[in-house]
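# Architecture at a glance
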Amino acid sequence: AEGEEIVARQPAVDLVVGPQAYHQLPELIARTRRARGERLAADFAPDEKFDALAPAGRKPAGVTAFLTVQEGCDKFCTFCVVPYTRGAEYSRPAADVIAEARRLVGGGAREITLLGQNVNAYHGAAPPNQPKGGEWGLGELIRALAGLPGLERIRYTTSHPRDVDDALIAAHRDVPQLMPFLHLPVQSGSDQVLAAMNRRHTADQYKRTVQRLRNARPDLALSSDFIVGYPGESDQDFRATLDLVAEIDFAQAFSFKYSVRPGTPAADAEDQVPEPVKTARLAELQDLLQRQQRAFNQDCVGTVLPVLFEKPGRHPGQLVGRSPYLQAVHTDASPDRIGEIIPVMIHA
Ligand code: SF4
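Everything numeric here is computed off the predicted structure, so don't read it as measured data.

## A word on the overall build of the chain
Each helix and strand in the chain was counted, giving 11 helices and 14 strands. Buried residues in the chain amount to 48% of all 348 residues. Sequence separation of 24 or more characterises 72% of the internal contacts of the chain that already satisfy a separation of 6 or more. Summed over its atoms, the accessible surface of the chain is roughly 16500 Å², and 53% of this surface lies on carbon and sulfur atoms.

What follows is the structure, encoded as C-alpha cells:
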C-alpha cells in the first residue's frame, strides 16, 4: 500500500486545485483506478479474502466468536488509511455468513460479533431462496442470524453513523439477541472538523441517529471514538466535541490525539495543532469520558445482569464473562457453567 499512497499523493499530472479539492485527490485517484478495473495493492479477490478470513470448518475460539461479513471501505475519511490498505468495500453473500454462523454455533459459540471495517455498510447478496432476491443490509442479516437455534447474542462493529438505516434501527427494536451496546464512532462534535475529516455527517445528524436508536432500544449504551487535535481544530471546535459528549453520555469511549498517517490527505494539512494543545485537550476530554463511564458502571451496581460466562477467571474457582454492555464480570462459579448465561447481581 505504501506505493499506492505515494501515487495518490504525487499525481503525475499538473492539476490546479484548491486546498479542499487537493484533500480529495487520494480518494478520486483510488476511485478512478478501481473504476478502470485496476487493483489497488489491497484489492484482492473477494473469494481469496474471505477464504483467508473464514476457512470452512474453522473452530470457534470459545463461546464468543467473530465473523467477518464485510471488508474494506469506500468512505475515505481524510485521516484513515483503510480505503487504501484494505481496498474497496465488499460484503459476503448472506448465505455464506449464515452458513459460517451455523458452524460457529455448532462448535459452541453462543455470541457472535459481526465484523467489518464499515460493518453497517453491509450489502451482501440475499440467500438464493429469498422470493425477492436482491441484497440484504445488516438489519436483515441480523434478523436471519437471530433465527439460528443456540445463538444467544449478536453484536457488530465497527459502524459508521451514516450507514445506520431504518432496517438496522428496527433490528435493535425487534431482535432481543442484538445486544444493547453499540460502538458508533463520531470522532468530533464540530461540523467544521467533521467536514474536513470527510465524515459525511454532521454532529446534529449523529445526535438524531442516536436518539432514533435509543427510541428503538431505550437501554442502548453507546461507545465511540474521538480524535482531538485534528488539523485546523480550534478551541471552539473542541468545545463542540465536549458539548456532544455531555449531551450523548457515553458508556465507554476510545480517544486519541490526531497523529499523521502518511499518505492520507490530513497528513499534508498545514494547520497541524501543536502537540501541547492536543495533549491538554485529550486530557480534558478523557476526564469527561471517564466520569461518564464510571457513572454508567456505578448505575449497574445493585442490578441483576445476564452474564455470558466465557472462561476461567484469574483466581481459582472464578469465572469471567460479559454483561450485555460488554462489561467484564467476575464471579465464583463452577467451570461447567462456561457457555451459560446466568443472572448475576453486580457489586462494585
Ligand atoms: Fe472507512 Fe472508518 Fe476509515 Fe472512515 S475511519 S475511511 S469509515 S474505515
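## Description of the layout of surface pockets
The space that makes up the largest pocket amounts to roughly 680 Å³. In this structure, the largest pocket is lined by 26 residues; those nearest its centre are Phe79, Cys80, Val82, Gln187 and Asp225. Looking at the lining of the largest pocket, the elements with two or more residues in it are helix 4 (82-85), strand 9 (221-228) and strand 10 (252-257). For the lining of the largest pocket, the class distribution of residues is 12 nonpolar, 9 polar and 5 charged. Forming the walls of the second largest pocket are 23 residues, and the residues nearest its centre are Asn297, Gln327, Ala328, Val329 and Ile346. Among the elements of the structure, helix 11 (275-300), strand 13 (328-332) and strand 14 (341-345) are those that each provide at least two residues to the lining of the second largest pocket. In terms of residues, the lining of the second largest pocket owes the most to one element, helix 11, which gives 5 residues. When the residues that make up the lining of the second largest pocket are grouped by side-chain class, the tally is 14 nonpolar, 8 polar and 1 charged.

## What about the pairing of strand 10?
Strand direction decides the pairing type here: strand 9 and strand 10, joined by 6 bridges, are parallel. Of the residues in strand 10, the one forming a bridge with Phe226 is Ser255. Handedness of the crossover joining strand 9 and strand 10 through helix 10 (residues 235-248) is recorded here as right-handed.

## Describing the pairing of strand 7 (residues 153-157)
Burial of strand 7 is extensive: 4 of the 5 residues sit out of reach of the surface. Bridge count for strand 4 (residues 111-115) against strand 7 is 5 bridges, and the pairing is parallel. By the bridge assignment for strand 7, Ile112 is matched with Ile154.

## Quick look at the site of the ligand
Surrounding the ligand, one finds Cys73, Lys75, Phe76, Cys77, Phe79, Cys80, Val82, Pro83, Gln117, His160 and Arg199. Here the ligand occupies the largest pocket. The residue inventory of the shell around the ligand, partitioned by class, reads 7 nonpolar, 2 polar and 2 charged.

## A few points about the nonpolar core
The tendency in soluble globular proteins is for nonpolar side chains to be buried side by side. Counting residues in each nonpolar core, the largest one holds 54 residues, and the members touching the most others are Leu114, Leu138, Leu141, Ile142, Leu145, Tyr156 and Phe250. For this core, the leading source of residues is helix 5 (residues 94-106), giving 6 residues. Ignoring any residue separated from it by four or fewer positions in sequence, one finds Leu138 in contact with Leu114, Val119, Asn120, Tyr122, Tyr156 and Leu168. Ala251, Leu305, Tyr325 and Ile346 belong to the second largest nonpolar core, which has 13 residues in total.

## Re the confidence of the model for the chain
As a general rule, the predicted coordinates of low-pLDDT regions are not to be interpreted in detail. Of all residues in the chain, 82% have pLDDT values of 70 or greater, and the mean over the chain is 87. Note on residues 41-60: pLDDT under 50 across the span, and 39 contacts to partners over four residues away in sequence or across chains.

## A word on unusual backbone geometry
A cis geometry characterises the amide bond from Thr157 onward to Thr158, with omega recorded as 5°. For Thr158, the location among the structural elements is in the loop between strand 7 and helix 7 (166-174). The backbone of Asn198 sits at a positive phi, close to 60°, despite the residue not being glycine. Relative accessible area serves as the criterion here: at 14%, Asn198 is assigned to the buried category. Even without being glycine, Arg200 reaches a positive phi, approximately 70°.

## Regarding helix 6 (residues 138-145)
By the burial criterion, the buried members of helix 6 are Leu138, Gly139, Leu141, Ile142 and Leu145. All buried residues of helix 6 project into a common sector of 160° when viewed along the axis, lining one side. Here the buried face of helix 6 lies against helix 5, strand 4, strand 6 (135-137), strand 7 and helix 7.

## Quick look at the sheet that holds strand 4
Adjacent strands of a sheet form backbone hydrogen bonds with each other and so pair up, either parallel or antiparallel. Across the sheet, which stays open at both edges, the 3 strands sit in the order 1-4-7 with parallel pairing between neighbours. Strands at the two margins of the open sheet, each flanked by one partner only, are strand 1 (64-68) and strand 7. Neighbour-to-neighbour, the strand axes of the sheet open up by a mean angle of 25°, direction not taken into account. In this sheet, strand 4 lies alongside strand 1 in parallel orientation, the contact comprising 5 bridges. By the bridge assignment for strand 4, Thr64 is matched with Glu111.

Conventions adopted
- Every chain begins its residue count from 1, and numbering advances along the sequence as written.
- Two thresholds apply to this predicted model, a pLDDT of at least 70 for residue-level local features and 80 or more for giving and counting side-chain atom pairs, whereas whole-chain, interface and lining totals are computed over all residues.
- Side-chain measures here rest on the full set of heavy atoms in the structure, leaving out hydrogens and waters.
- Going along the chain from the N terminus, every DSSP run of H or I of four or more residues is numbered as a helix, and every run of E of two or more is numbered as a strand.
- For each residue, the accessible area found with a 1.4 Å probe, counting protein chains only, is set against the maximum for its type, and the residue is called buried under 20%, exposed over 50%, and partly exposed in between.
- Note on contacts: a residue pair is in contact if any heavy atoms of the two residues lie within 4.5 Å.
- Every accessible area reported is derived by Shrake-Rupley at a probe size of 1.4 Å, with residue values counting cover from the shown protein chains alone.
- Of the two site types, the cavity is a set of points on a 1 Å grid over the protein atoms alone where a 1.4 Å probe fits but cannot get out, and the pocket is an open set with protein on both sides within 12 Å along at least five of seven lines, each lined by residues with an atom within 4 Å of a point.
- Grid points are joined across faces, edges and corners, and a volume is the space filled by probe spheres set on the points.
- Any residue that is not Ala, Val, Leu, Ile, Met, Phe, Trp, Tyr, Cys, Pro, Asp, Glu, Lys or Arg is counted as polar, Gly included; the first ten are nonpolar and the last four charged.
- Should DSSP find at least two bridges between two strands, the strands are regarded as paired.
- A crossover gets the label right-handed when its path from the first strand over the helix to the second runs clockwise, viewed with the strands pointing away from the viewer.
- Any residue with a non-hydrogen atom lying within 4 Å of a molecule or strand is treated as near it.
- If over half the atoms of a molecule are within 2 Å of the grid points of a cavity or pocket, the molecule is regarded as sitting in it.
- The term nonpolar core refers to a set of buried residues drawn from Ala, Val, Leu, Ile, Met, Phe, Trp, Tyr and Cys, joined through side-chain atoms within 4.5 Å.
- Per-residue confidence from the predictor is reported as pLDDT, which spans 0 to 100.
- Each direction from the helix axis to a C-beta atom contributes to the arc, which is the arc of those directions.
- Only the stretch in contact is used when a helix axis is fitted, and all axes are lines through C-alpha atoms; the angle between N-to-C directions ranges over 0 to 180 degrees.

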